[in-house]
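A closer look at the structure
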Amino acid sequence: MSEAGPDVPALHGQQLRLLEALLFAAVEPLDERTLRLRMGEGADLPALLRELAGLYANRGINLVSTGGRWWFRTAPDLAERLRVEADVQKRLSRAAVETLAIVAYHQPVTRTEIEGIRGVATSKGTLDLLMEAGWIRPGKRRETPGRPLTWITTDAFLDHFGLDSLRDLPGVDELKTAGLLDPRPVLAAVAGEDVAQGDPEDEAEDD
């Protein structure tokens, strides 16, 4: 009489519980490479993640992926009920909005390239403000004379704007439909639309 093989349903259940525990205990979102190392061989990680996400889909906590990393977060529709105190945030200046849009759509991009697209100088304070907000960070240096520093967006940027990845950035038509496409030439050009030049007075820095 041969020995009984492994209890497949029980093993699957244990793998699902382990995955749930790993994600719950993590202090930051985990990428799939890290999860595979912790789960061990034989675990069908994509299938387990889909199943676990499905189990939490209609709960107060959802399993979500941001920038290729997985984590638990409270359900978006409960945000208002959970907010006890709203932080008063300073509204971004026009310069900051344009700079953030350029970094998002053209990254990795240098400060000189940002200024070339905007047509005006970009103050260090604008980049510092966006970095303090956690939305941009320094990238690799360009292998060109002077080795200028490049700027890229962060996972916090994706999370704040509800994006899974940079591929989800809206295009011109989506921005227009949502009423979010600013008529200023810089923002329209960043999103990929050719527009006529606006009022010269609008080209001034607005830090």
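Up top is the structure.
All of these numbers come straight from a predicted model, not from anything done at the bench.

Some words on the overall build of the protein chain
Looking only at helices and strands, the protein chain has ten helices and six strands in total. Surface summary for the protein chain: the accessible area is close to 13800 Å², and the carbon and sulfur share equals 53%.

Structural notes on the environment of His12
Here His12 lies in helix H1 (residues 8-25). Judged by relative accessible area, which is 32%, His12 ranks as partly exposed. Dropping the residues within four chain positions of it, His12 is found in contact with Leu48 and Glu51.

Description of the environment of Thr112
As for its placement among the helices and strands, Thr112 is situated in helix H6 (residues 111-118). Classification of Thr112 by relative accessible area gives exposed; the value is 59%. Spatially, the C-alpha atom of Thr112 lies 8.5 Å from that of Thr122, the residues being ten residues apart in sequence.

Concerning the pairing of strand S2 (residues 61-66)
It is a general feature of regular strands that their side chains alternate between the two faces of the sheet. The pairing of S2 with strand S3 (residues 69-74) spans six bridges and is antiparallel. What sits directly across from Asn62, in S3, is Arg73.

Section: the pattern of salt bridges
Inspection of the entire model under this criterion finds nine salt bridges. Linking Arg111 and Glu115 is a salt bridge whose minimum nitrogen-to-oxygen distance equals 3.5 Å. Taken together, the residues Arg111 and Glu115, both in helix H6 and four residues apart, mark about one turn of the helix. The salt bridge involving Lys124 is made with Asp128; its shortest N-O contact spans 3.0 Å. Taken together, the positions of Lys124 and Asp128, both in helix H7 (residues 124-132) and four residues apart, correspond to about one turn of that helix. Via salt bridges that share partners, Arg94, Glu98 and Arg118 belong to a single interconnected network.

What about the nonpolar core?
Core analysis: the largest hydrophobic core is formed by 16 residues, its most contacted members being Leu100, Val103, Ile114, Leu130, Ile136 and Phe157. Ranked by residues supplied to this core, first place goes to helix H5 (residues 94-106) with five residues. The residues contacting Phe157, other than those within four sequence positions of it, are Leu100, Ala104, Gly134, Trp135, Leu163, Leu166 and Leu169. By size, the runner-up hydrophobic cluster in this structure holds 15 residues, among which are Leu19, Leu23, Leu49 and Phe72.

Quick word on unusual backbone geometry
The general pattern is negative phi for most residues beyond glycine and trans for most peptide bonds. Omega for the bond connecting Gln107 with Pro108 falls within 30 degrees of zero, at -5°, which places this linkage in the cis form. Here Pro108 is to be found in the loop between H5 and strand S4 (109-110). One non-glycine residue with positive phi stands out, namely Arg147, at about 45°. Among the structural elements, Arg147 can be located in the loop between strand S5 (136-141) and strand S6 (149-153).

The rules we used
Residues numbered from 1 in each chain as written. Predicted model: local features only at pLDDT ≥ 70, side-chain atom pairs only at ≥ 80, totals over all residues. Heavy atoms only, no water. Helix = DSSP H or I, 4+ residues; strand = E, 2+ residues; numbered from the N terminus. Areas by Shrake-Rupley, 256 points an atom, 1.4 Å probe, with all protein chains shown as cover. Buried < 20%, exposed > 50% of the residue type's maximum accessible area, 1.4 Å probe, protein only. Contact = heavy atoms within 4.5 Å. Pairing = 2+ DSSP bridges. Salt bridge = Lys/Arg side-chain N within 4 Å of Asp/Glu carboxyl O. Core = buried A, V, L, I, M, F, W, Y, C linked by side-chain atoms within 4.5 Å.

Function-wise, these values are silent; they only describe arrangement.
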